[in-house]
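Working through the structure, step by step
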Amino acid sequence: MPSQTAHVRVAAFADLDARTFHDLLRLRIDVFVVEQHCPYPELDGRDVEPGTRHLWLEHDGMVLAYLRILADPDGAARIGRVVVAPTARGGGHAGRLVTEALRLVGDRPCVLEAQSHLVAFYARHGFTVTGPEYVEDGIPHVPMRRERGPARPGYIHG
């Protein structure tokens, strides 16, 4: 389904209802823990931090894609948990969410830990590799950073 038919949602943890948080976690667990065979502590405590923002694409009540933005202590934003439902892959959903996330981040530096096969995807969004490849939970990753971007208007919830 085309990315533009899905609605972007943004919320702090305090603004998420129980059903929505359940659906977001289920997608994350279904892909990262089950599909990618990575048993790790999915509930790391960062979802509830006041500076965390949850972004997702929703269509007809279904979560198609998700990511979260964390506030790192050094002032950088950290994008993580970027995930697209298996049935929604190939529709441009991840790119749309990353674009929205960077709009929210504004001119702050932004970092992420990319799965190595996605380096080119993140490079298209202005990220560059900042360190050597490493393996986390059996999957090769590389650290990436986007320096301060141009000032962007704040996101308006739609």
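Below: a short report on this structure. Just so you know, these numbers come straight off a predicted model, no measurement behind them.

Turning our attention to the layout of surface pockets. By volume, the largest pocket amounts to about 920 Å³. Surrounding the largest pocket, 38 residues form its lining, Phe32, Arg81, Val82, Gln115 and Tyr122 being those nearest its centre. If you list the elements that add at least two residues to the lining of the largest pocket, you get helix H1 (18–35), strand E3 (62–71), strand E4 (77–84), helix H2 (93–105), strand E5 (110–115), helix H3 (119–123), strand E7 (134–136) and strand E8 (139–146). Looking at which element gives the most residues to the lining of the largest pocket, the answer is E4, with seven residues. Broken down by class, the residue content of the lining of the largest pocket amounts to 18 nonpolar, 10 polar and 10 charged. Looking at the second largest pocket, its volume works out to about 290 Å³. Lining the second largest pocket are 14 residues, and of these Asp23, Arg26, Leu27, Met62 and Val63 sit closest to its centre. Taken together, the elements giving at least two residues each to the lining of the second largest pocket come down to H1 and E3. Among the elements that take part in the lining of the second largest pocket, H1 stands out by supplying six residues, more than any other. Among the residues making up the lining of the second largest pocket, the classes are represented as seven nonpolar, three polar and four charged.

So, about the pairing of strand E2 (residues 53–59). When you tally the buried positions in E2, you get five out of seven residues, the bulk of the element. Sheet topology places strand E1 (residues 7–11) next to E2; five bridges connect them, and they run antiparallel. Each residue of the ladder has a partner; that of His7, found in E2, is Glu58. By the bridge criterion, seven bridges tie E2 to E3 in an arrangement that is antiparallel. Counted as the bridge partner of Glu58 is Val63 from E3. Hairpin connection between E2 and E3: a loop of two residues separates the two successive antiparallel strands, and Asp60 in this loop has a positive phi of roughly 50 degrees.

Another point: the pairing of E3. Within E3, eight of the 10 residues are buried, leaving the element largely enclosed by the surrounding structure. Strand direction decides the pairing type here: E3 and E4, joined by six bridges, are antiparallel. Each bridged residue has a counterpart across the sheet, and for Tyr66 the counterpart in E4 is Val83. Between the antiparallel neighbours E3 and E4 lie five residues, among them Gly75 with a positive phi of about 95 degrees.

By size, the foremost hydrophobic cluster in this structure holds 43 residues, and its most contacted members are Leu67, Ile79, Tyr122 and Phe127. Setting aside residues up to four positions removed in sequence, Ile79 forms contacts with Leu67, Arg68, Ala101, Leu102, Cys110, Val111, Leu112 and Phe127.

Attention now moves to the environment of His59. In this fold, His59 is placed in strand E2. With a relative accessible area of 21%, His59 lands in the partly exposed category. Between the alpha carbons of His59 and Thr5 there is a distance of 7.0 Å; along the sequence they are 54 residues apart. Polar side-chain contacts of His59 include one of 3.3 Å to the side chain of Asp60.

About the thresholds
- Residues numbered from 1 in each chain as written.
- Predicted model: local features only at pLDDT ≥ 70, side-chain atom pairs only at ≥ 80, totals over all residues.
- Heavy atoms only, no water.
- 1 Å grid on protein atoms, 1.4 Å probe; cavity = no way out; pocket = protein on both sides within 12 Å on 5 of 7 lines; lining within 4 Å.
- Points joined across faces, edges and corners; volume = space filled by probe spheres on them.
- Helix = DSSP H or I, 4+ residues; strand = E, 2+ residues; numbered from the N terminus.
- Nonpolar A, V, L, I, M, F, W, Y, C, P; charged D, E, K, R; others polar.
- Buried < 20%, exposed > 50% of the residue type's maximum accessible area, 1.4 Å probe, protein only.
- Pairing = 2+ DSSP bridges.
- Core = buried A, V, L, I, M, F, W, Y, C linked by side-chain atoms within 4.5 Å.
- Contact = heavy atoms within 4.5 Å.
- Polar contact = N/O pair within 3.5 Å; in protein donor to acceptor, adjacent residues only side chain to side chain.

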